[in-house]
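Architecture at a glance
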Amino acid sequence: MAYETILVETRGRVGLITLDRPKALNALNAQVQDEIVRAAKAFDENAKIGAIVITGSEKAFAAGADIKEMQPKTYIETYMEDMFSDWDALTRVRKPIIAAVAGYALGGGCELAMMCDFIIAADNARFGQPEITIGVMPGMGGSQRLTRFVGKSKAMEMCLTGRMMDAEEAERSGLVSRIVPAGELLEEALKVAGKIAEFSMPAVMMTKEAVNRAYETTLSEGVRFERRVFHAMFALDDQKEGMAAFSEKRTAQFKNR
Ligand code: HXC
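Along each chain, numbering runs from 1 in the same order as the chain's sequence is written. Local features are withheld for residues below a pLDDT of 70 in this predicted model, meaning they are given only at 70 or higher, and side-chain atom pairs are given and counted only at 80 or more; totals for whole chains, interfaces and linings count all residues. The side-chain values count all of the structure's non-hydrogen atoms but skip hydrogen atoms and water molecules.

Identification of the chain as enoyl-CoA hydratase from Nitratireductor basaltis is taken from an unreviewed UniProt entry. Here is the UniProt Function (unreviewed entry) comment for the chain, exactly as written: "Could possibly oxidize fatty acids using specific components." UniProt positions are given in the numbering used here, feature names are shortened, and annotations may be inferred rather than shown by experiment. In its Sequence similarities (unreviewed entry) section, the UniProt entry covering the chain states "Belongs to the enoyl-CoA hydratase/isomerase family."

This part is about the site of the ligand. Contacts to the ligand come from 22 residues, most closely from Lys59, Ala65, Ile67, Lys68 and Gly108. In protein, a polar contact means a hydrogen-donor-capable atom and an acceptor-capable atom, both N or O and within 3.5 Å, with residues adjacent in sequence counting only if both atoms are side-chain atoms; elsewhere, any N or O pair within 3.5 Å suffices. Interatomic distance of 3.3 Å between a backbone N/O atom of Lys23 and an oxygen atom of the ligand. Here an oxygen atom of the ligand sits 2.8 Å away from a polar atom, N or O, in the side chain of Lys68. Computed with a 1.4 Å probe, the accessible areas rest on the Shrake-Rupley method; for each residue, only the protein chains presented here act as cover. Here the ligand loses 65% of its free accessible area of 1000 Å² to cover by the protein chains. Only helix H2 (67–70) and strand S6 (104–106) provide two or more residues apiece to the shell around the ligand. In these notes, residues near a molecule or strand are those with any non-hydrogen atom within 4 Å of it. Numbering goes from the N terminus for both helices and strands, where a helix is a DSSP run of H or I of at least four residues and a strand is a run of E of at least two.

Ordered in space as S4-S6-S8-S9, the four strands form an open sheet in which the pairing is mixed. Whereas interior strands pair on both sides, the edge strands pair on one side only; in this sheet they are strand S4 (60–62) and strand S9 (165–166). Sheet analysis places strand S8 (residues 126–128) next to S9, joined by two bridges and oriented antiparallel. Within S9, the position partnered with Arg126 by the bridge is Asp166. By this definition, two strands are paired if DSSP reports at least two bridges between them.

A few words on a nonpolar patch on the surface. A cluster of nonpolar residues, Tyr75, Ile76, Tyr79 and Met80, forms a patch on the protein surface that exposes about 540 Å² of accessible area. Examined against the element boundaries, Tyr75 turns out to sit in helix H3 (residues 75–80). Overall, the relative accessible area of 63% leaves Tyr75 in the exposed class. Grouping into patches uses exposed residues only, defined as over 30% relative accessible area, and leaves out salt-bridged ones; the cut-off is 9 Å for like charges and 5 Å for nonpolar side chains (Val, Leu, Ile, Met, Phe, Trp, Tyr). Basic side-chain nitrogens of Lys or Arg form a salt bridge, by our definition, when they fall within 4 Å of a carboxyl oxygen of Asp or Glu. The buried label goes to any residue with under 20% of its type's maximum accessible area, the exposed label to any with over 50%, and the partly exposed label to all in between, with areas taken from a 1.4 Å probe on protein chains only.

By convention here, the domain bounds are inherited from an automatic or database domain assignment. What the domain assignment lists for the chain is domain 1 (6–197) and domain 2 (200–248). Computed over C-alpha atoms, the centres of domain 1 and domain 2 are 27 Å apart. At the junction of the two partners, domain 1 supplies 12 residues and domain 2 supplies six residues. Buried area adds together the accessible area that both of two parts lose upon being put together, with accessible area traced by a 1.4 Å probe. The largest contributions to the domain 1 side of the interface with domain 2 come from Arg94, Asp117 and Arg148, which together make up 52% of the buried area. One can count one salt bridge joining domain 1 with domain 2. Put simply, Lys208 and Asp117 hold a salt bridge, and the shortest N to O gap is 2.7 Å. Counting across the domain 1 and domain 2 interface gives three residue pairs in polar contact (both at pLDDT 80 or more). Those elements that provide at least two residues to the side of domain 1 that touches domain 2 are helix H6 (142–150) and helix H9 (185–198). Per-class residue counts for the side of domain 1 that touches domain 2 are six nonpolar, one polar and five charged. Working rule for contacts: check all heavy atoms of both residues, and any pair within 4.5 Å makes them a contact. Each residue gets one of three labels, nonpolar for Ala, Val, Leu, Ile, Met, Phe, Trp, Tyr, Cys and Pro, charged for Asp, Glu, Lys and Arg, and polar for the others, Gly among them.

This is the structure:
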């Protein structure tokens, strides 16, 4: 499978996708969208991969959807092609995806990061939804996901003014899980992904599914879902092995990786 706008590598059990359109600050055109979705799906289907990292450059994770590509489109074109709906496939990937964000994550770039399961930010990261400044609004889920991450007040202010958040504010607001020095971003993200990829894969995937359920349902239904999945885990060899290893004071050897 050839890719032209991203680099695709494996590092042990981690699949790494690096956006590679430096001249356009990794702006997300249709080709980038197609390639990221294809690469992530291929990793999802690959039994040797346990987690995925998506990253950009030190200057830009992605400076948004490609404005030059979008500019001439008519309403009927965006409607008929259901522009941006193909990104939904990324949110259906069942293995964990970490966004490792340095530099600009603006518009569609911020939205892509938020489609991932969590965000590790470099200390130079800047997040924003500046679509209002070009006469539109977020179109890849930003008005919904940003609001769930940081609350209505901050999301509303950012979407209505286009103001950017620095890494500190993003961490304080719950948008990113933590901040690391820019030079250590990729190494740290790969380390975290590598750790996840060593655990029992069904347990990891069920955990991701349960946390994501919190966004889609009521508390009581979410807790019921969690309990049912938790009970199902007692059918896994890995539950027996993980608990036996704890009692025997040794490292667990999970079979289902
Ligand atoms: C297409 C882009 C781009 C984008 C940058 N470039 N962002 N091309 N789409 N989103 C291109 C520039 O045109 C320029 O190309 C090159 O990348 C370098 O950018 P500069 O502006 O020269 O860099 P700099 O001065 O460092 O400024 C960086 C920046 C700025 C602050 C990130 O580029 C910027 O404001 N970009 C747009 C951010 C934005 O509005 N994103 C939201 C897009 S809409 P040339 O050829 O001139 O060298 C979106 C929502 C989707 O994502 C859903 C709603 C429809």
